[in-house]
Amino acid sequence: MSTTYELSHLRVLEAESIHIIREVAAEFERPVLLFSGGKDSIVMLRLAEKAFWPARIPFPVMHIDTGHNFDEVIEFRDRRVGELGVKLLVASVQESIDQGRVTEETGIRATRNRLQTTTLLDGIEQHRFDAAFGGARRDEEKARAKERVYSYRDDFGQWDPKNQRPELWSLYNGRHHQGEHFRIFPLSNWTELDIWQYIGEEGVDIPSIYYAHEREVFERDGMLLAVSDLLPLQEGEETFIETVRYRTVGDITVTGAVRSSAATVEAVIEEVAATRVTERGATRADDRVTEAAMEDRKKEGYF
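The rules we used
Residues numbered from 1 in each chain as written. Predicted model: local features only at pLDDT ≥ 70, side-chain atom pairs only at ≥ 80, totals over all residues. Heavy atoms only, no water. Helix = DSSP H or I, 4+ residues; strand = E, 2+ residues; numbered from the N terminus. Expected span 1.5 Å × (residues − 1). Buried < 20%, exposed > 50% of the residue type's maximum accessible area, 1.4 Å probe, protein only. Core = buried A, V, L, I, M, F, W, Y, C linked by side-chain atoms within 4.5 Å. Pairing = 2+ DSSP bridges. Axes fitted to C-alpha atoms, helices over the stretch in contact; angles between N-to-C directions. Contact = heavy atoms within 4.5 Å. Parallel < 35°, antiparallel > 145°, perpendicular 65-115°, else oblique. Left-handed = near helix turned anticlockwise from the far one by under 90°. Polar contact = N/O pair within 3.5 Å; in protein donor to acceptor, adjacent residues only side chain to side chain.

**Q** Whenever I open this one, helix α2 (residues 39-52) confuses me. Can you help?
**A** An α-helical turn contains 3.6 residues, so any two residues separated by three or four positions project in the same direction. Over its 14 residues, α2 extends 21 Å from the first C-alpha to the last, a length consistent with the 20 Å expected when each residue adds 1.5 Å. Burial analysis of α2 places twelve of its 14 residues in the buried class, which makes it a mostly covered element. Turning to α2, its buried residues are Lys39, Asp40, Ser41, Ile42, Val43, Met44, Leu45, Leu47, Ala48, Glu49, Ala51 and Phe52.

**Q** What exactly am I supposed to notice about the nonpolar core here?
**A** Soluble globular proteins: nonpolar side chains tend toward being buried together. Ranked by size, the top nonpolar core spans 57 residues in total, and within it Leu33, Trp196 and Ile199 carry the most contacts. Membership of the second largest hydrophobic core comes to 14 residues, among which are Leu34, Leu115, Leu120 and Ile124.

**Q** Got a minute to help me understand the sheet that holds strand β6 (residues 181-184) in this structure?
**A** The strands that make up a sheet are held in pairs by hydrogen bonds between backbone atoms, and each pair lies either parallel or antiparallel. Taken in spatial order, the six strands of this open sheet run β3-β2-β1-β4-β6-β5, and their pairing is mixed. Each having just a single partner strand, β3 (88-92) and β5 (150-153) make up the two edges of the open sheet. Recorded for the sheet is a direction-independent mean angle of 30° between the axes of neighbouring strands. Sheet topology places β5 next to β6; four bridges connect them, and they run antiparallel. What sits directly across from Arg153, in β6, is His181. Sheet strands touched by helix α5 (residues 116-127): β1 (31-34), β2 (61-65), β3, β4 (131-133) and β6. Its angle to β2, the strand with the most contacts, is close to 150°.

**Q** Explain the packing of helix α7 (residues 192-202) against helix α8 (residues 265-274) to me, please; I cannot follow it from the model alone.
**A** Describing two packed helices takes the angle between their axes plus the distance from one axis to the other. Direction vectors running N to C along α7 and α8 enclose 165°, while the axes themselves pass 10 Å from each other. Relative to α8, the element α7 is oriented roughly antiparallel. Of the two possible hands of crossing, α7 and α8 adopt the one that is left-handed. Together, Glu192, Leu193, Trp196, Gln197, Ile199 and Gly200 of α7 and Val265, Val268, Ile269, Val272 and Ala273 of α8 make up the contact between the two elements.

**Q** I keep staring at the sheet that holds strand β9 (residues 240-245) and nothing clicks. Help me out?
**A** Strand order in this open sheet of four strands is β8-β7-β9-β10, and the pairing throughout is antiparallel. The open sheet is flanked by β8 (223-226) and β10 (258-259), the only strands paired with a single partner. As paired elements, β9 and β10 share two bridges and run antiparallel to each other. Bridging from a neighbouring strand, Val244 pairs with Arg259 of β10.

**Q** Would you mind going over the side chain of Arg77 with me for this structure?
**A** Structurally, Arg77 can be placed in helix α3 (residues 71-84). Overall, Arg77 belongs to the buried group, its relative accessible area being 7%. One polar contact links Arg77 to Asp78, side chain to side chain, over a distance of 2.8 Å. When near neighbours in sequence (up to four residues on either side) are disregarded, Arg77 contacts Phe35, His63, Leu88 and Val90.

So this is what it looks like as structure tokens:
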């Protein structure tokens, strides 16, 4: 009988991501993993765990905290970090506001999403990080499709899509001067479906809001938003109970839910396989501001 050593699609992606994580740990002096408690950063943390097992993950994780989070996600963040015994750094947008570093937006569509950029850059500078792992994927949004795996950022933390380095044959150039840094995207070649299939295959625990549940919501701009003190109802808006789940998790003021009965990993995989709209395109209000909203934010130093 012949023996085959071919890896499955998911194992090829896993091997590539682990290779990237190990390369960064060897090449950079002070890396950090950006961890929000969302599904992509959870998978990235799982890959980092596997990359160095049985040793501990040799770098801290940092959450850019808007203060407008889902309770389930913050609870999961703290529990998961505690299980792994890694150091958690929390960079607070509220502190940035209090210090006068940023000004809080006002109005019906006010959000702290864009304010995260200053808090993120301040955190990177404060701790002198020279590489920051992010969970972005190229299939999420057209600006993210332009990203390299090693995404160079200048000494102002800004991204220029025309000033990125070639990555032929998976060779990564991390050379940088003091004050510059790289955003590292180990999940670049993954899709939303890959993420969910990996969660299912590995038995990865994720926050409960990713599965179907009943929640009080209201409709605004074609999205189902969670009822919250942070989102005052406008004239004509009414709340109702709906069975929903979240495809992506971010600031509660800009993240919409989708109607769904998918309460298990298998059901979610079937649902994602059939959809033709990306999770950010369907449920993130911050990406609808302009046609190039994400790219504009990234040029300023956003994730």
